[in-house]
Amino acid sequence: MAQDTTVPKLNFGYWLDKAIEWGQATTLESQKDVCLHLPQLQEFLHQLYETIKHLSSTVAIQQFPLIGQLLGRLCWNPFVIGYEESQKTLMWCLCCLYSSEPQNAVELKANNWIRSLLCHLLSSSKWESNEAETSTFISALGYTSADYYCHLVKNMVVSLVTELKENQFNGLNIQGSISASRVNAVSIFCVPLITLPDLTPLLETLLLYHGGSSKEILNSEFLQAVNEAFLKKKISLPESAVFSLWLRHLPSLEKATLHLLDQLFSVHLSSLEEVACVMKDSLL
């Protein structure tokens, strides 16, 4: 009975009506109204989270059958998610609705919907660059960081590749808006995700990118990781990118050479043709 008494206090219907009225806050009037009600909305979301965090996802949806519609509308309102506390509470509410062991097609569909909303919220915030903040939400969904970020990589790759390519013209290094520290940071971001297929265009672009600095701008751990993945055939790169990798990072070239020698001595090759094939495949 204690749980039932919390339902009227939440004033659920009022906030759903507000969310529908606001839409995506495209008019000045709706934007002003959202800002006016943000403190009360945050209080409501906090109360909602405190209520459903003790419930299973099934019971929470049964008790609040329109909760998905409300949270979905709020997540796509830029003036709501622009307020960090509201965004954070929305994420927690969504995690409470996630079924760790979905029993039917409805729960599977709900999980996919929740993941897409969390992906949208994280990609709309600065949290995506802070592993300490996002790890809680990722683990709540039963994902590793690499698995989860696969949902974000495609858009990031397109954006970053475009930015890097626009900073160079006809093969000439042009001092543009991208700083060496930013390019270095991008290469560090790639390290745990190198084997994701969607990341390959960004790997290639980074390896072929040369900024105005006389020093190496790519992170050495990134270069080592790319070389390791290439040697183990976990990724496929064009020859130009591989050659650039070895030219800008000699330890990787040394490791590739030792790897080839190890192959030639440890694997039984019955003919010179096989030897030639292995050497050609190594690109050395």
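See the structure printed just above.
Please read all numbers here as calculations on a predicted model, not as lab measurements.

**Student:** Could you clarify how one ought to interpret the environment of L90 in this entry?
**Tutor:** Tracing the backbone through its elements, the reader meets L90 in helix 7 (residues 84–97). The sequence separation of L90 and Q42 amounts to 48 residues, and the corresponding C-alpha distance is 9.3 Å. When near neighbours in sequence (up to four residues on either side) are disregarded, L90 contacts L45, L71, L74, C75, V80, I81 and L121.

**Student:** When you look at the pattern of salt bridges in this model, what are you seeing that I'm missing?
**Tutor:** Pairing between side chains of opposite charge can happen when the charged atoms of each approach one another. Counted by the stated rule, this structure contains 6 salt bridges. Residue K232 is joined to E228 by a salt bridge in which the shortest nitrogen-to-oxygen separation is 3.1 Å.

**Student:** What am I meant to see in unusual backbone geometry here?
**Tutor:** Excluding glycine, a negative phi dihedral is what most residues carry, and trans is how most peptide bonds are arranged. The phi angle at K233 is positive, at roughly 60 degrees, despite the residue not being glycine. Relative to the elements of secondary structure, K233 occurs in the loop between helix 13 (220–231) and helix 14 (239–248). The class of K233 is exposed, set by a relative accessible area of 56%.

**Student:** Any chance you could explain helix 3 (residues 28–52) here in plain terms?
**Tutor:** What sets the pattern is the α-helix's 3.6 residues per turn: residues three or four places apart point alike. Relative to the 36 Å expected for 25 residues at 1.5 Å per residue, helix 3 spans 33 Å between its end C-alpha atoms, a close match to the ideal helical length. Of all the bends in helix 3, the greatest, near 55 degrees, is centred on L38, and the proline P39 appears no more than four residues after it.

Cut-offs and rules
- Residues numbered from 1 in each chain as written.
- Predicted model: local features only at pLDDT ≥ 70, side-chain atom pairs only at ≥ 80, totals over all residues.
- Heavy atoms only, no water.
- Helix = DSSP H or I, 4+ residues; strand = E, 2+ residues; numbered from the N terminus.
- Contact = heavy atoms within 4.5 Å.
- Salt bridge = Lys/Arg side-chain N within 4 Å of Asp/Glu carboxyl O.
- Buried < 20%, exposed > 50% of the residue type's maximum accessible area, 1.4 Å probe, protein only.
- Expected span 1.5 Å × (residues − 1).
- Bend = angle between axes of the 7 residues up to and from the residue.

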